[in-house]
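# Examination of the molecular architecture
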Amino acid sequence: MAIELKEVTKVVGIDTHIHETSIKLEEGRFNILLGTTLSGKTTLLRLMAGLERPTKGEIWFKGANVTGVPVQKRKVAMVYQQFINYPNFTVYDNIASPLKVIRLPKKEIEARVHKVAELLKITPMLKRMPSELSGGQQQRTALARALVKESDLVLLDEPLADLDYKLREELREELPKLFHDSGATVVYATTEPAEALLLGGYTATLHEGRVTQYGPTPSVYRIPQDLLSARVFSDPPINTASITKRGEKFHYNETASWNVSERYKALPDGPYTIGFRPHHITLEPDNDESISVKGTVVVTEISGSESVIHMSVGHDTWVSLSHGIHPFKRGDAVELYLQTDHCFYFDANERFI
Amino acid sequence: MIDKTTNQKAWFLVLPVVVLVAFNALIPLMTVVNYSVQETFGNNVFFFEGVKWFEQILHSERFHASLLRQLSFTGIILLIEVPLGVAIALAMPKKGPWVSVCLVLMALPLLIPWNVVGAMWNIFALPEIGLLGKMINGLGFDYNFTQQPLAAWFTTILMDVWHWTSLVVLLAYAGLSSIPDAYYQAARIDGASAWSVFRYIQLPKMKRVLTIAILLRFMDSFMIYTEPFVLTGGGPGNTTTFLSIDLVKIALGQFDLGPAAAMSLIYFLIILLLSWIFYTLMMRNEEK
C-alpha cells in the first residue's frame, strides 16, 4: 500500500479547496492527477507531501498514518513547474544537496549523483551553474535531485508545462521509464488530457476539488464514470446533446434519430444525455451506425491535415474533427455524421450507463 | 537589404535634453574645472595656476582627515544599514493586510526632507530637553552631542540609520517577494534549515537588489551634507566635518574658489572610482 487519502478535506478560510476525498493510489506506478487550473491538483500534491495538513481526514503512507508528520520526516521528493534549483550551487552540488542534508558518506553521494546524472543525460553539465543551462537541462537537474533521494513518493507538479514543445516531448517520453525503474510511487499533475494518455499509468480526474474518477488511464478515457470526468478528460472539449428515448429509438431535436443498441434496450423511456468526442462526428460516415446531422459552420480551424469545424446545431454548439482540409466559411450549411456507436450515454444524474 | 532612412530632424527631438544637461551638468562642471586651475584676488581678475590647487589639496592634512572621517562614516553606516535592512525585510509579513501597513511605515522616514531630519534629531538628542538625550543621561551615561565627539558620531550614525535603513528594507523586500513560493517548499522537502534557506536561496536571489542598495547608500552617504550640517554643524571641533561640509567651508566660508574647485573634482572622482570598484567586485561572480 503506497499512499492513501481517507476522507480528506482541505478548507482555507471560507474556500473549500478539496471536498471530502478518499483515494488510494497504485504503489510503484505512475499516477496522474488530471484537471484544469484550480481543480485542486496542487493542493492534493501538497497534502500528500505533508506541506499542508488536511482540515479533516487522514493520510496513510506505507501502512502508517502520516497525517501530522512534517515533510522533512517523510521520504518524499517534489518537482515543480518552475525550474527550482539552488542558484549558486553547481549542478553536481544541486543534485547532491538532499544527500548532504542526511549526511551520507562522500563516496556514496558521488556514486549516486553520477548514476542519476547519467540517467538524465546531464553528466557533461555537472560542473555548470543552473543559470548556464537551458530550461530543459534545469528541469533535468531538478528531476535528478528528486530521483537521487530514492524517495518512496515522488510528486511532480506540471513539471513539463514551462518547457518548449520539443523538450517537453523528449522528457515526457523518458519520465515513465525513469521512475518505473526506481520503484517509487509517482504522482504527476497535469492540465493536458493528451499528456495523461501519453504517460499511461493510472489517472484521477479532478474537478473543482473533487476526484471524479480514478483508474487505469485508458479505461478512464474510454469509460468515463460521469459527464464531468468525460469533460475533464477531453481536449478539444467533449460535445454533449440532450436526447430522448422513445421505444426502440433515441431522438435528438426531432431532427435525427437512431436505433437503440442492444445494451440500452432495457432503459426506460425518457431524457438522456450523450457525450461524444470531436473525432466521432465527422464529414464522412464511419459505418451504418453513423447518422446525419445538419448544422451551420461557426468557425473552421485547419491544422496541417486536420480540420476542426465548430458548428451550431439547434441550440447546441459542437466541435468536429475530420481528416483532410475543408475550408468551410462561417454560415455555410454542413452535414456531419455522428458515430452513435461511439457516444457515451449518461442518465439524468449525468452518470455513465 | 533594408534601406536605412536618415532623418536629420531627429536631432531637434534630442535638443531639449542636450540643452538641459548642458545647463545643469556640463556647464557647471566646466566652470568648476575652470576655477580649479586659476587664482583670483577679486575684481574678476584670474591668474592661471596649473595643478597647484590639486597638489595643495592632495597634500593637505585637513583634506586627509575629512576623507578619513567620510570613509569611516560610510563604512559604519553600510555595515549597520545593510544587514539591518535585510533582517527587517526578512521579518516583514509576506502577505495579508499588514504588508501595506509595514511598507508605509517603512517608507515614512524616506519622505521627510533632509533638513527636517537634521532638525528633528537635533532637538530629539538635546541633553537637557530632548527625549533621547534626556533618556540617555537618565540611564546614567554622560551624553552631550554638541560637546563630545563620540556622542556626536553616535547621534549622526543613529540618525542616518533611522533615515536610510528603510531604503535597504524596501529594496531587499522587493527582492524577497520575487522568489517563487516553490523554492521554499523545495527547501522544506530537502529538510534545509532556516539558515540554509537564507544563505542558499534568499541571499543569492537578493544579490542584484542588494548591489543596487549598497551602491545607492554608498553614494548618498559619501555625499551627506544637510543632516549633519543641521545636527552638529560639523562639530564639536571638526569631528563630524565630512567631505561635503569641509568643501562648503572652504568654498563659501573662506571663499577659496580655486582649492574648493580642485577639491570638488577630486571628491567627484573618488566617488566615481569607488562606485566603479564596488560595482565590478559585486558583479564579477555574476558574469562568470
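Residues numbered from 1 in each chain as written. Chains lettered and ligands numbered in written order. Predicted model: local features only at pLDDT ≥ 70, side-chain atom pairs only at ≥ 80, totals over all residues. Heavy atoms only, no water.

### Overview of helix 7 (residues 149–177) of chain B
Cut-off, in case you're wondering: Each helix is a run of DSSP H or I of at least 4 residues and each strand a run of E of at least 2, with the numbering of both proceeding from the N terminus. A helix's residues, less one, multiplied by 1.5 Å, set its expected span. Take the seven residues that end at a residue and the seven that start at it, fit an axis to each, and the angle between those axes is the bend at that residue.
The first and last C-alpha atoms of helix 7 of chain B sit 41 Å apart over 29 residues, in line with the 42 Å expected at 1.5 Å per residue. At B:Trp164, helix 7 of chain B is bent by approximately 40°, the largest bend along its length.

### Considering helix 8 (residues 181–190) of chain B
Our working definition: Buried means the residue's accessible area, taken with a 1.4 Å probe over protein chains only, is under 20% of the maximum for its type, while exposed means over 50%, and partly exposed covers the values in between. Contacts are assigned to residue pairs with any non-hydrogen atoms lying within 4.5 Å of each other.
In terms of burial, helix 8 of chain B is largely enclosed, as 8 of its 10 residues are buried. Next to the buried residues of helix 8 of chain B lie helix 1 (41–49), strand 6 (76–79), helix 2 (91–101) and helix 4 (135–148) of chain A together with helix 7 and helix 9 (194–222) of chain B.

### Topic: a nonpolar patch on the surface
Just so we agree on the cut-off: Each patch is assembled from residues with relative accessible area greater than 30% and no salt bridge, linking like charges that lie within 9 Å and nonpolar side chains (Val, Leu, Ile, Met, Phe, Trp, Tyr) that lie within 5 Å. Accessibility throughout is a Shrake-Rupley quantity obtained with a 1.4 Å probe, and a residue counts as covered only by protein chains that appear here. Every case where a carboxyl oxygen of Asp or Glu lies within 4 Å of a side-chain nitrogen of Lys or Arg is listed as a salt bridge.
On the surface, a cluster of nonpolar side chains totalling about 1300 Å² of accessible area is made up of B:Trp11, B:Phe12, B:Leu13, B:Val14, B:Leu15, B:Val17, B:Val18, B:Val19, B:Val21, B:Phe23, B:Leu26 and B:Ile27. Within the secondary structure layout, B:Val18 lies in helix 1 (residues 10–36).

### Overview of the packing of aromatic side chains
Here is the rule: Paired rings are identified among Phe, Tyr and Trp, the last through its six-membered ring, by centres lying within 6.5 Å, and are further divided according to the angle between planes into stacked (under 30 degrees), edge-to-face (over 60) and tilted (the rest). Should the NZ of a Lys or the CZ of an Arg lie within 6 Å of a ring centre and within 35 degrees of the ring normal, that charge is described as sitting over the ring.
This model, assessed by the stated rule, comprises 27 aromatic pairs over all chains. Summarising the aromatic geometry, the rings of A:Phe89 and B:Tyr200 are spaced 4.7 Å apart at their centres and angled 55° between planes, so their arrangement reads as tilted. In this pair, A:Phe89 is assigned in the loop between strand 6 and helix 2 and B:Tyr200 in helix 9, connecting two distinct chains. On the accessibility criterion, B:Tyr200 (27% relative accessible area) is partly exposed. The interplanar angle of 70° and the centroid separation of 6.5 Å between the aromatic rings of A:Phe250 and A:Tyr264 together place this pair among those described as edge-to-face. Here A:Phe250, found in strand 12 (residues 249–252), pairs with A:Tyr264, found in the loop between strand 13 (256–259) and strand 14 (270–276); they are 14 residues apart in sequence, far enough to count as distant. A:Tyr264 sits in the buried class, given a relative accessible area of 7%. Linked through ring pairs, A:Phe250, A:Trp258, A:Tyr264, A:Tyr272 and A:Tyr345 together constitute an aromatic cluster. In this arrangement the basic side chain of A:Lys6 is found over the ring face of A:Trp60, its NZ or CZ atom lying 3.9 Å from the centre.

### Quick word on the sheet that holds strand 19 (residues 333–339) of chain A
All names here are of chain A. Just so we agree on the cut-off: Two strands form a pair only when DSSP identifies at least two bridges running between them.
Ordered by their spatial adjacency, 5 strands build an open sheet running 15-19-16-17-18, and the pairing between neighbours is antiparallel. The outermost strands of the open sheet, each flanked by one partner alone, are strand 15 (281–282) and strand 18 (316–323). Pairing between strand 15 and strand 19: 2 bridges, direction antiparallel. Looking across to strand 19, one finds that isoleucine 281 is bridged to leucine 338.

### Brief notes about the interface of chain B and chain A
The criterion, for reference: Accessible area, probed at 1.4 Å, shrinks when two parts are joined; the buried area is that loss added up over both. In this count, Pro and Cys sit with the nonpolar residues alongside Ala, Val, Leu, Ile, Met, Phe, Trp and Tyr, while Asp, Glu, Lys and Arg are called charged and the others, Gly among them, polar.
At the interface, 18 residues of chain B touch 23 residues of chain A. For the pair chain B and chain A, the summed buried surface comes to about 1700 Å²; carbon and sulfur atoms form 59% of the total. A per-residue breakdown of the area chain B buries against chain A is headed by B:Arg188, B:Ile189 and B:Asp190, which together make up 39% of the total. In this assembly, chain B and chain A are joined by 0 salt bridges. Mapped by element, the contributors of at least two residues to the side of chain B that touches chain A are helix 8 and helix 9 of chain B. Top contributing element to the side of chain B that touches chain A by residue count: helix 8 of chain B, with 9 residues. Taken together, the residues of the side of chain B that touches chain A sort by class into 10 nonpolar, 2 polar and 6 charged.

### Some words on the domain arrangement of chain A
Residue and element names in this part refer to chain A. Short version of the rule: Those domain boundaries reflect an automatic or database domain assignment. Think of a polar contact as two N or O atoms within 3.5 Å of one another; within protein, one of them needs to be a possible hydrogen donor and the other a possible acceptor, and neighboring residues in sequence only count if both atoms come from side chains.
Along its sequence, chain A is organised into domain 1 (3–232) and domain 2 (239–346). Taking only C-alpha atoms, the centre of domain 1 and the centre of domain 2 are 38 Å apart. Contacts between the two partners involve 7 residues from domain 1, matched on the other side by 6 residues from domain 2. Buried area between domain 1 and domain 2, both sides added, is near 550 Å², and the carbon and sulfur share of it is 66%. Broken down residue by residue, the surface that domain 1 buries against domain 2 is led by Tyr221, Pro224 and Leu227, which jointly contribute 68%. Between domain 1 and domain 2 we count 0 salt bridges in total. Counting every contact that joins domain 1 to domain 2 gives 1 residue pair in polar contact (both at pLDDT 80 or more).

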